[in-house]
Amino acid sequence: MSATPLGMPAFPDAARDALRDTTLRGNLRHATHTIRDKRARAVAELSDWARLREAGKQIKDHTLRHLDHYLLRLEESVTAAGGTVHWAADAADANRIVTALVKATGEREVVKVKSMATQEIGLNEALAAEGIRAYETDLAELIVQLADDRPSHILVPAIHLNRAEIRDVLVSAMGDWGRPAPDGLTDAPAELAEAARLHLREKFLRAKVGVSGANFMVAETGTMVVVESEGNGRMCLTLPETLISVVGIEKVVPAWRDLEVFLQTLPRSSTAERMNPYTSMWTGVTDTDGPSAFHLVLLDNGRTDTLADEVGRQALRCIRCSACLNVCPVYERAGGHAYGSVYPGPIGAILSPQLRGTGSAVDASLPYASSLCGACYDVCPVAIDIPEVLVRLRERVVEGGPAVRRGTRVVLRPARGHAAQRAAMRAAGWVFTRPTALAAGQRLLSRTRRLHPRRLPGPGRAWSADRDLPEVPEESFRDWWRRTSGGRDSAGGSGREERS
Amino acid sequence: MNGREVVLGRVRRALAGGSGASPGPDGPVAYDGVRDYLRVHGERTPEESVDLLAARLTEYRALVHRTDDEGLPELLMRLLSEQGPDEMLVPPALPPYWLSAADPVRVHDRAAVTARRLDRVGSVVTGCALAIAETGTIVLDGGPEQGRRRITLIPDHHICVVRVPDQVVCSVPRAIERLDPRRPQTWISGPSATSDIELDRVEGVHGPRTLEVVLLSGDGHACAGGDGPG
Ligand code: SF4
């Protein structure tokens, strides 16, 4: 990722600030519990859920193992359908490509569909630097953009704001960006949505260039898929003359038929609906229907580095449903901003340090921002073993070893004595001193899962580097769990057993 | 080196040596994993599928109506007069008898008609490619009875006619096997909605805020498949 989180506080600092914010915590708790319960019901409705999950996992793994093959196939199909494919090795490349494409149209503004890939590369800022204004059109993204804030949830980016806060943002900022909020706007959700509808419609009707991501790209046919709720996606994908889609290379699936798996698992995992309100699919350009020019920018930006790690690679299966966020006891308390990346929650904890490397304090601390309770794995519709990857990354932070950065094999040094390591240890300490987080984890653990991590990596010594933190022994995680009643005893730092 | 070579080179190096490394750009690759999930969840008669579709649509707060060929013109006239648009959008090949009783002025979606002009039109009446019973989804694929994507996007009121049971499939897999990926598609499940404000569901930020689905009956056949995988 280009947006290296320089100056971004490590996870425990950011999380501690979030904890002091009671509004944030209340909103988050309400939101995650609501979605979580609904999701469980939506999933229970499909008797073949486990098989769909396994199929999704296998299709994605298969694609990743033959990624070059499928990317070339995709390029061929998109080109044959009248689109143009561009390849971007990193964020700077992608931003350069998109900026040049927009400039070539002579336009100075674009409408955007919510897309994590474009947030990841900081596209809006890059466009702004070239004098091009990017309008976010998803309601929550619009709110966040008007508030000059950052999204905190993959799916519900403004989850950290309540209705009164949202009203204030619309009233104070809409006028700077276009049609102002109507007089006397109250904080009723329907009124707020109506204000946004009018504000955004102005933009859609005059937009010449749209920018989007995609949830899936079908190699066989060149079909792009965008899954959404509000209809702003349809607007951006249909009305402009030029459409530019920036998509991570891991979003490709081999065949049209594969969509039957993901269109069942994604909506139910994500918003707990049988199907999301709108799905748009387009294949290149179609005579007179939709944009007359289509550009696909295929984005690497650390994904191939992630691919090089056979354990960490599974993070690339992610279909961004956000189910793992909603069950995570740590996310529920810390909030999305604490993760210092566009990818919050459990998936962020394994994706960001792989995409960006573990060099910065926040990235080194992320693998520790978890109680390893396994709830994220249980809900994941593509069965990403997030705890397994977390443990892998802890190993890398603490012990170093071979890795790939920007396509080149490197040997990472152990982080001992390094600031990053201390940050990491403090993140773990933050998690392990939250009894409620651990209790939630323990319940799920005993019910569902033989925990994968066979040992908690990292020398026990490291813990003593930071004396105000609990000490956790280097022993099998399960043994430790049992001995400490799920970590509740460990807060006092008792019972440390050193093994060599 | 250009971006394409850089990225493809990195992908190949990342995969080299690992288990099941790629055969190279031109080698054939076949997916040999499992597909033992169900094609259809449960067995239903055609009538039951239509009922399920109606129930799912209603849960999404779409308004569902049932009629036959004879009753259709009058029903459409009534639905349009309730919304009271002066003008309505129609796709190029809507059967003329559908709207034989309707009052509003018909606007046709020609290339010269701007989106801003279409924004003044209140209602749109279309057919569909198919509808999915299990999920309550209507699929449009730009066929002559449906028109371009923009006509069902801009007006605030969309009436969609589904021929039942012919156009009703039971499940997502059944829909995928019947659809042509080369056509631009819009899958619609209920009217536009957002839950971004404290997770309160609000209908309509951008798409039509009122979705009415007319189930137009004729003859049809059952959803085959039942519980068996494959
Ligand atoms: S990791 Fe799994 S559960 Fe989390 S967002 Fe990705 S697909 Fe969803």
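None of these values were measured; they are calculated from a predicted model.

Participant: How should the overall build of chain B be read in this particular structure?
Facilitator: The secondary structure content of chain B amounts to five helices and 12 strands. Among the 230 residues that make up chain B, the fraction classed as buried is 58%.

Participant: For this particular structure, what's the right way to read helix 1 (residues 3-15) of chain B?
Facilitator: Taking 1.5 Å per residue as the helical rise, helix 1 of chain B with its 13 residues ought to reach 18 Å, and the 18 Å between its terminal C-alpha atoms agrees with that figure. All of the buried residues in helix 1 of chain B are Gly3, Val6, Val7, Leu8, Arg10, Val11, Ala14 and Leu15 of chain B. Buried-residue contacts for helix 1 of chain B involve helix 3 (49-65), helix 4 (67-80), strand 1 (84-88) and helix 13 (303-307) of chain A.

Participant: How should the interface of chain B and chain A be read in this particular structure?
Facilitator: Interface size, as often reported, equals the accessible area lost upon joining of the parts. If you look at the interface, chain B gives 79 residues, while chain A gives 95 residues. Among the salt bridges present, the one from Arg39 of chain B reaches Glu260 of chain A, with a minimum N-O distance of 2.7 Å. The interface formed by chain B and chain A includes 30 residue pairs in polar contact (both at pLDDT 80 or more). Of all the secondary structure elements, the ones that give two or more residues to the side of chain B that touches chain A are helix 1, helix 2 (46-59), helix 4 (115-118), helix 5 (172-178), strand 9 (185-188) and strand 10 (193-194) of chain B. The element that contributes the greatest number of residues to the side of chain B that touches chain A is helix 1 of chain B, accounting for 11 residues. Split into classes, the residues belonging to the side of chain B that touches chain A amount to 34 nonpolar, 22 polar and 23 charged. Where strand 9 (residues 278-283) of chain A lies against strand 9 of chain B, four bridges are found, and the strand directions are antiparallel. For Met281 of chain A, the partnering residue across the bridge sits in strand 9 of chain B and is Gln185 of chain B.

Participant: How should the packing of helix 3 of chain A against helix 12 (residues 259-270) of chain A be read in this particular structure?
Facilitator: When two helices pack together, their arrangement is given by the angle between the helix axes and the distance between those axes. Residues and elements named next belong to chain A. Between helix 3 and helix 12, whose axes approach to 10 Å, the crossing angle comes to 115 degrees. Relative to helix 12, helix 3 is oriented roughly perpendicular. Where helix 3 crosses over helix 12, the handedness of that crossing is left-handed. Where helix 3 approaches helix 12, its residues Trp49, Leu52, Ala55, Gly56, Ile59 and Lys60 are matched on the opposing element by Val261, Phe262, Gln264, Thr265, Arg268 and Ser269. Looking at the contact of helix 3 with helix 12 residue by residue, the class counts come to six nonpolar, four polar and two charged.

Participant: So what exactly am I meant to see when it comes to the packing of aromatic side chains here?
Facilitator: Where two aromatic rings form a pair, the distance of their centres and the angle of their planes describe that pair. All names here are of chain A. Evaluation of the coordinates by the stated rule reveals four aromatic pairs over all chains. Measuring from centroid to centroid gives 6.0 Å for Tyr135 and Trp177, while their planes differ by 75 degrees, and the two rings are edge-to-face. Residue Tyr135 is found in strand 3 (residues 133-136), and its partner Trp177 is found in helix 9 (residues 163-177); the two are separated by 42 residues along the sequence. Centroid distance Phe216 to Phe262: 5.3 Å. Interplanar angle 25 degrees. Geometry classified as stacked. On the criterion of sequence distance, the pair formed by Phe216 in strand 5 (residues 216-218) and Phe262 in helix 12 is long-range, its members being 46 residues apart. Given the relative accessible area of 0%, Phe216 is considered buried. Owing to a relative accessible area of 0%, Phe262 belongs among the buried residues under this scheme. Sitting over the face of the ring of Trp177, Arg133 holds its NZ or CZ atom 4.0 Å from the ring centroid.

Rules of the game
- Residues numbered from 1 in each chain as written.
- Chains lettered and ligands numbered in written order.
- Predicted model: local features only at pLDDT ≥ 70, side-chain atom pairs only at ≥ 80, totals over all residues.
- Heavy atoms only, no water.
- Helix = DSSP H or I, 4+ residues; strand = E, 2+ residues; numbered from the N terminus.
- Buried < 20%, exposed > 50% of the residue type's maximum accessible area, 1.4 Å probe, protein only.
- Expected span 1.5 Å × (residues − 1).
- Contact = heavy atoms within 4.5 Å.
- Salt bridge = Lys/Arg side-chain N within 4 Å of Asp/Glu carboxyl O.
- Polar contact = N/O pair within 3.5 Å; in protein donor to acceptor, adjacent residues only side chain to side chain.
- Nonpolar A, V, L, I, M, F, W, Y, C, P; charged D, E, K, R; others polar.
- Pairing = 2+ DSSP bridges.
- Axes fitted to C-alpha atoms, helices over the stretch in contact; angles between N-to-C directions.
- Parallel < 35°, antiparallel > 145°, perpendicular 65-115°, else oblique.
- Left-handed = near helix turned anticlockwise from the far one by under 90°.
- Phe/Tyr/Trp six-rings, centres within 6.5 Å; stacked < 30°, edge-to-face > 60°.
- Lys NZ or Arg CZ within 6 Å of the ring centre and 35° of its normal.

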